[in-house]
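Below are the chains, spelled out letter by letter.
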Amino acid sequence: MGKKRERWDSRGAFILAAIGSAIGLGNVWRFPYMAYENGGGAFLIPYFVALLTAGIPILILEMALGQRFQGGAPTALRKANKAFEFVGWYAILIASIVTFYYCAIMAWSVNYLVHAFSMKWQGNEEDFFYQEILHLSEGPGQLGGISPALIIGLAVTWFLIYLCVRKGVQSVGKVVLVTVPLPFLLLAILFFRGVTLPGAIDGLSLYLTPDFSKLGDLNVWKAAYGQIFFSLSVGFGIMIAYASFRPKNADVVNNGFITGLANCGTSFFAGFAVFSVLGYMAQQQGVPVTEVVDSGLGLAFVTFPKAIALLPAGAVAIGIIFFLMLLTLGIDSAFSLVEAASTAFSDEIKIKRHTTTVILCVVGFLAGLLFITDGGLYWLDIVDHWVNDYGLILVAFLEVLFLGWFFNLKSLQVQIDEVSEIKAGMWWLIMIKYVATPVLAVILVWGVINDIRNPYGDYDLIWRIIGGWGLIAVLLIASFIISGIQSGKSKEEVSS
């Protein structure tokens, strides 16, 4: 008889962990800009359509899979069908790569948090970020050195991750009681400070004013579905792993809706905090708000620090709050990625959980050094584009394709309806088979065509192959190899 599987202390702990995993840095620095660029308030229509037709259905699928088969992504998918196991390993490998560079971003945040106490970035924020923090080189071929401050930041990040996951869901369940509510509180403080600033209304108007003509643009709908997939933590094996520590008779559908709605609500709310501050910044500089709008790393590490430096009072406090918020948002997503990998390897390779966690943290720290070199930003940009736009989308596509069309999904629907307050019913089956599957296929093909026509980032072909197409291909091949090895072990165990 095998060892009894760990369990969450409560349903609340599981839901908080799932929400914490889904809500990350992209909610603050990606969604607000995407909404502004794709119709303002009108973007909420395709966004919530994408949530209800693909995002939540896939969340429910992954939670149901982990809960029914009581294993991480590779184990659960193998139990569904032996041919599906490689998809689980591909998800874990993709998640691992994301963790490597995600923690580099958190290392930058650690450094900014320290500098926030003295507002050291005042003056020329771009030079501070790109030169003093990153020591940015001329390109990906020039790695240069590594800043000792960033090494310390990376080490601190991975040590915090280790502390969070060292005892599996027992420690995760306790940590999320703090790390999930805290960023909401910090975001609320930023919101109330932002909306009281002069010029805030101009920023909010730009964010919210609907442009319904955008709804006829297919690119807006693609952006909406893409944002949903990127922000819900589906395709990484996280939700499968987390749900595997729930009893088989636990509610599934409610949890999927709560997680999805909490994530999207946070994204929408974050837009108020971001655009109110941008409106103030534009007024102080005497320029239109459109000239200061930014997204991604530029928003977090250049534009927002510049806006904070312009505040009439409380700049230091707001700077500390902002970067502490980034760290608390990021840590939940980071340790959930590690937990997904730890669960997969512990289930399949039968290594002790703590040993697996230590190995993953050490390997993650060493691999992350690439992304904090002088040329690390370029590698982060390349890898992030291909891993998210192709690796992650491919995992999600293979999940819905295989489970929707080559697995008795109806039996899974019946099982989760028996234990859930809200019933998935035919709506869920239709969304997985006839909406999520073709939409993901279109996004994949669309992305490939666009990258062929307009090579991403103007990087030389060699770097796009190594950090992009080549990496995606290597991870896919590796997932087949690992799956084959594990399949061989299983046969040996049976024959012996």
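Residues numbered from 1 in each chain as written. Predicted model: local features only at pLDDT ≥ 70, side-chain atom pairs only at ≥ 80, totals over all residues. Heavy atoms only, no water.

Caption draft 1: The packing of aromatic side chains, seen in detail. With the rule as written, the count across this model stands at 42 aromatic pairs. Centroid distance Phe86 to Phe480: 4.2 Å. Interplanar angle 15 degrees. Geometry classified as stacked. Of this pair, Phe86 sits in helix H6 (residues 85-116) while Phe480 sits in helix H21 (residues 461-495), and the two are 394 residues apart along the sequence. By relative accessible area, Phe480 is classed as partly exposed at 45%. One aromatic cluster is present, built from ring pairs that chain together Trp29, Trp108, Tyr112, Trp121, Phe128, Phe129, Tyr130, Phe301, Phe304, Phe322 and Phe323. In this structure, Lys222 packs its charged tip against the face of Trp446, placed 5.9 Å from the ring centre. A cation over an aromatic ring shows up here: Lys433 above the ring of Trp405, its NZ or CZ 4.4 Å from the ring centre. (Phe/Tyr/Trp six-rings, centres within 6.5 Å; stacked < 30°, edge-to-face > 60°. Helix = DSSP H or I, 4+ residues; strand = E, 2+ residues; numbered from the N terminus. Buried < 20%, exposed > 50% of the residue type's maximum accessible area, 1.4 Å probe, protein only. Lys NZ or Arg CZ within 6 Å of the ring centre and 35° of its normal.)

Caption draft 2: Just the nonpolar core, in detail. Ranked by internal contacts, the top residues of the largest apolar core, which has 184 residues, are Trp108, Ile161, Phe229, Phe301, Phe335 and Trp428. Non-local contacts of Phe301, meaning those with residues more than four positions away in its chain, are made with Trp29, Ile105, Trp108, Ser109, Tyr112, Glu125, Phe129 and Phe323. (Core = buried A, V, L, I, M, F, W, Y, C linked by side-chain atoms within 4.5 Å. Contact = heavy atoms within 4.5 Å.)

Caption draft 3: Fine view of the environment of Gly375. Relative to the assigned elements, Gly375 resides in the loop between helix H17 (353-368) and helix H18 (376-405). When the C-alpha positions of Gly375 and Ala270 are compared, they lie 31 Å apart, and in sequence the two are 105 residues distant. The contacts of Gly375, once residues within four sequence positions are left out, are Ser137, Gly139, Gln142 and Leu143.

Caption draft 4: The arrangement of the environment of Gly71 in detail. The topology assignment puts Gly71 in the loop between helix H4 (44-69) and helix H5 (73-80). Using a relative accessible area of 0% as the deciding quantity, one classes Gly71 as buried. For the pair Gly71 and Ala243, spaced 172 residues apart in sequence, the C-alpha separation works out to 8.5 Å. Apart from the residues lying within four places of it in its own chain, the contact partners of Gly71 are Arg5, Gly66, Ala76, Ile240, Ser244 and Asp347.

In short, geometric facts, not functional conclusions.
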